[in-house]
Amino acid sequence: NAGVTQTPKFQVLKTGQSMTLQCAQDMNHNSMYWYRQDPGMGLRLIYYSASEGTTDKGEVPNGYNVSRLNKREFSLRLESAAPSQTSVYFCASSDPPAGSAYFGPGTRLLVL
Amino acid sequence: GENVEQHPSTLSVQEGDSAVIKCTYSDSASNYFPWYKQELGKRPQLIIDIRSNVGEKKDQRIAVTLNKTAKHFSLHITETQPEDSAVYFCAASYNNNDMRFGAGTRLTVKP
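Owing to the predicted nature of the structure, the values given are computational and were not obtained by experimental measurement.

*Asks:* Explain the sheet that holds strand β8 (residues 72-77) of chain B here, please?
*Replies:* By definition, the strands of a sheet pair up through backbone hydrogen bonds, in either a parallel or an antiparallel sense. Residue and element names in this part refer to chain B. If you walk across this open sheet you meet the 5 strands as β1-β3-β8-β7-β6, and the pairing is antiparallel. The strands lining the two open edges of the sheet, one partner per strand, are β1 (4-7) and β6 (56-59). Averaged over neighbouring strand pairs, the angle between their axes works out to 15° when direction is ignored. As judged from the 4 bridges shared by β1 and strand β3 (residues 19-25), these two strands associate in the antiparallel manner. Paired with histidine 7 across the two strands is lysine 22, which belongs to β3.

*Asks:* It is not clear to me how the packing of aromatic side chains should be interpreted in this structure. Could you clarify?
*Replies:* Any two aromatic rings considered together are summarised by their centre-to-centre distance and by the angle between their planes. Throughout the structure, instances matching the rule amount to 14 aromatic pairs over all chains. Centre to centre, the rings of A:Tyr35 and B:Phe101 are 5.2 Å apart; their planes meet at 85°, and the pair counts as edge-to-face. Here the residue A:Tyr35 occupies a position in strand β4 (residues 31-38), and B:Phe101 occupies one in strand β10 (residues 97-101), the pair thus bridging two chains. Here the aromatic cluster, defined as three or more aromatic residues joined through ring pairs, consists of A:Tyr33, A:Tyr35, A:Tyr48, A:Phe90, A:Phe103, B:Tyr36, B:Phe89 and B:Phe101.

*Asks:* Any chance you could explain the state of the cysteines here in plain terms?
*Replies:* One pass over the structure, following the stated rule, counts 2 disulfides over all chains. Disulfide pairing places A:Cys23 opposite A:Cys91 at an S-S distance of 1.9 Å. Torsion about the S-S bond of the A:Cys23 and A:Cys91 cystine: about -70°, corresponding to left-handed handedness. With A:Cys23 in strand β3 (residues 19-25) and A:Cys91 in strand β9 (residues 87-94), this residue pair connects regions lying 68 residues apart in the sequence. Its relative accessible area of 0% is what places A:Cys91 among the buried residues. Between B:Cys23 and B:Cys90 runs a disulfide, and the two sulfur atoms are separated by 1.9 Å. Here the disulfide of B:Cys23 and B:Cys90 is left-handed, its torsion about the S-S bond being about -100°. Here B:Cys90 lies in strand β9 (residues 86-94) and B:Cys23 lies in strand β3, a separation of 67 residues in the sequence. A relative accessible area of 1% places B:Cys23 in the buried class. A relative accessible area of 0% means that B:Cys90 is categorised as buried.

Calculation notes
- Residues numbered from 1 in each chain as written.
- Chains lettered and ligands numbered in written order.
- Predicted model: local features only at pLDDT ≥ 70, side-chain atom pairs only at ≥ 80, totals over all residues.
- Heavy atoms only, no water.
- Pairing = 2+ DSSP bridges.
- Helix = DSSP H or I, 4+ residues; strand = E, 2+ residues; numbered from the N terminus.
- Axes fitted to C-alpha atoms, helices over the stretch in contact; angles between N-to-C directions.
- Phe/Tyr/Trp six-rings, centres within 6.5 Å; stacked < 30°, edge-to-face > 60°.
- Disulfide = S-S within 2.5 Å.
- Buried < 20%, exposed > 50% of the residue type's maximum accessible area, 1.4 Å probe, protein only.

In short, the description is geometric, and any link to function would need to be established separately.
Written as structure tokens, this is what we have:
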């Protein structure tokens, strides 16, 4: 039981490049989330998916797209990376309304 | 959307003392309030949570209280130990969707 896994662990991009962050969970959770964490800013919700086939914007969705590929996988895409998107990205999953959220190990992204 | 404010941003205590971190939330519909601990370079990990039908919950040295009328909730850590040093985050949501976090409190426990 791996819990929530994320790939890659670390990535360097040049401004304007695109990439997809991958997330998978093996806990049969219905809901999945993407957060970004910047120093002193806490965790800010980018997008979430309450169930397979649905996605909703969170607090800071601009510049990102998501895909809930199936119940296990939830990907985050940066179409044209900007230095302001340098951050640590965490994926999480939960089973509302009773279940708590569990986080993946994070992806550290540097945009030059 | 929900807005969560957390205070203080930093907290330093002596080993054995108690630590209290406070959060307020804006959306009266929120009914789920977890607390996470994050050590340097690690993922956030759930330490305790409370739902809106409960006023207080305890787990060994950790307790959380909730005042729905005032829309605030607090984390209490008693008999602090150096390994309690970390960043603590509160969060609030309705049924665990669209969960919003506070900015975090860096707790330092001095031996």
